[in-house]
Amino acid sequence: MTRLRTEWITYMLDGMEEYNRDLAAKTGMDLAALMADTFCVSKFDLAAAQKNIKVAVVPITQGEGIIGSFSESVAAIVRSMGFCADVMPNTDVDGIYDATLGGYDVLFFADDIRYLALNIRSGKASDNNYATALGFVKALLAMMKRQGENIAEAKILQIGYGIVGRESAAILKAMGIDFDLYDKNPAAITDFEGKTISTKEEIKDYQYILDFTNEGEWLHREDLRADVIYASPGVPYSMDEETAAAFEAQSVHDNLEIGTAIMLGESLFGK
C-alpha cells in the first residue's frame, strides 16, 4: 500500500457528493451502487445495512504515524455511501476498545503495511490491496458496458504487476476476461502466464486500460488512444496534468474512495 499524503486526500472531507456524481456519470453507479453491484446486494439488503451498520475508523500511530485527515476521509467516504461512520476519539488499541463499547460493527484502520476493514461481528476482513483491484476492475467494466462494449469480446491492457496488479490479474483471470499485461520491469512479470507487451509505445494499441503503477506523470497524451477508457488507483497518478485533463471524461481515478467502498462491501457481504 502506497503511503498517502495529507494533500492527496483532504478534498474528500467536503468533496464526496461531487465525487459520487462524477463516478455515476462515468460508470452509471455511485460508490454505494458500485459496492452493491460488486457483491450482488439487493436494494433491500443495502438499505437495511445502511440503517443498521455502524462503522468505526480507528487512527493508528504505529510506524510513521497518523496521516493528516486520513481517518476523517475514510469516515467521509463511508458516510457518503449512506452508512453511519465515526472516527474514534482514541488511537490504536484504545480506539478499538472505543469501538467495542460504542457497539460498532465494522472497524477501518491502517498502518504502514496494511489498510484493513474488519467486521467484528462476523470476523470477515477485507484488505485494501484486493479491494482496490476488484473495485477498479468493476469500474472499468462498468464504463465499457456503458458505451455498449461486449465485455466477452473486448481486450484489456493491465499496466503494472505489483501487489495490487497481481490481485487484479487474478481477478480478471477468474472472471474469464481477456487481458494483456505491461510492466516496465520485465523481470516483474516472468511468472505471468499470458500475453505481455514489452514497450511503452504499444500501450496506444489498447482502448481499455487498467493501470496499477505508482509512478507519477509518466503517461502523456501521445501515449494513449483518443478513445481510451482508463481506470487507475495509482498513487501518484500516471497521467501528467495536461493528459489527465484531456481524458477526464473517460477515466476513473481516485486515491482512496473505490477501494474503501469495496472494503466495506466485502466486510459486510463477502463470502
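Draft legend 1. Just the sheet that holds strand S9 (residues 229–232), in detail. Reading across the sheet, the five strands line up as S7-S6-S8-S9-S10 and stay open at both edges, with parallel pairing between neighbours. Every interior strand has two partners, whereas the edge strands, strand S7 (179–182) and strand S10 (251–253), have only one. Within this sheet the neighbouring strands show an average axis-to-axis angle of 15 degrees, counted without direction. Both strand S6 (residues 156–159) and strand S8 (residues 208–211) contribute to a ladder of four bridges, which runs parallel. Each bridged residue has a counterpart across the sheet, and for Gln158 the counterpart in S8 is Leu210. Of the strands in this sheet, S6, S8, S9 and S10 touch helix H7 (residues 128–146), which is tilted by about 165 degrees from S9. This element, helix H8 (residues 163–175), spans S6, S7 and S8 of the sheet and lies at about 155 degrees to S6.

Draft legend 2. Structural context of the confidence of the model for the protein chain. Averaged over all residues, the pLDDT of the protein chain is 92; the fraction at 70 or higher stands at 93%. In the predicted structure, residues 3–9 sits below a pLDDT of 50 and forms 25 contacts with residues beyond four places in sequence or in another chain.

Draft legend 3. Looking closely at the packing of aromatic side chains. Under the criterion given, the structure shown has five aromatic pairs. With 5.6 Å between their ring centres and 55 degrees between their planes, Phe179 and Phe192 make a pair best called tilted. Placement of the pair is Phe179 in strand S7 and Phe192 in the loop between S7 and S8, with a sequence separation of 13 residues. Like Phe192, Phe179 is buried. Here the aromatic cluster, defined as three or more aromatic residues joined through ring pairs, consists of Phe70, Phe108 and Tyr115. Positioned above the aromatic ring of Tyr104, the side-chain terminus of Lys54 is 4.4 Å from the ring centre.

Draft legend 4. Expanded view of the pattern of salt bridges. One pass over the full model with this rule turns up 13 salt bridges. With a closest N to O distance of 2.9 Å, Asp127 and Arg114 form a salt bridge. Here Arg114 lies in the loop between strand S3 (106–110) and strand S4 (115–119) and Asp127 lies in strand S5 (residues 125–127), a separation of 13 residues in the sequence. The exposure class assigned to Arg114 is partly exposed, which follows from its relative accessible area of 41%. The shortest N-O distance in the salt bridge between Lys155 and Asp178 comes to 3.1 Å. Of this pair, Lys155 sits in the loop between H7 and S6 while Asp178 sits in the loop between H8 and S7, placing them 23 residues apart in sequence. On the accessibility criterion, Lys155 (31% relative accessible area) is partly exposed. Asp178 gets classed as partly exposed once you look at its relative accessible area, which sits at 39%. Taken together, the shared-partner salt bridges connect Lys155, Asp178, Asp180 and Lys195 into one network.

Conventions we followed
- Residues numbered from 1 in each chain as written.
- Predicted model: local features only at pLDDT ≥ 70, side-chain atom pairs only at ≥ 80, totals over all residues.
- Heavy atoms only, no water.
- Pairing = 2+ DSSP bridges.
- Helix = DSSP H or I, 4+ residues; strand = E, 2+ residues; numbered from the N terminus.
- Axes fitted to C-alpha atoms, helices over the stretch in contact; angles between N-to-C directions.
- Contact = heavy atoms within 4.5 Å.
- pLDDT = per-residue confidence, 0-100.
- Phe/Tyr/Trp six-rings, centres within 6.5 Å; stacked < 30°, edge-to-face > 60°.
- Buried < 20%, exposed > 50% of the residue type's maximum accessible area, 1.4 Å probe, protein only.
- Lys NZ or Arg CZ within 6 Å of the ring centre and 35° of its normal.
- Salt bridge = Lys/Arg side-chain N within 4 Å of Asp/Glu carboxyl O.

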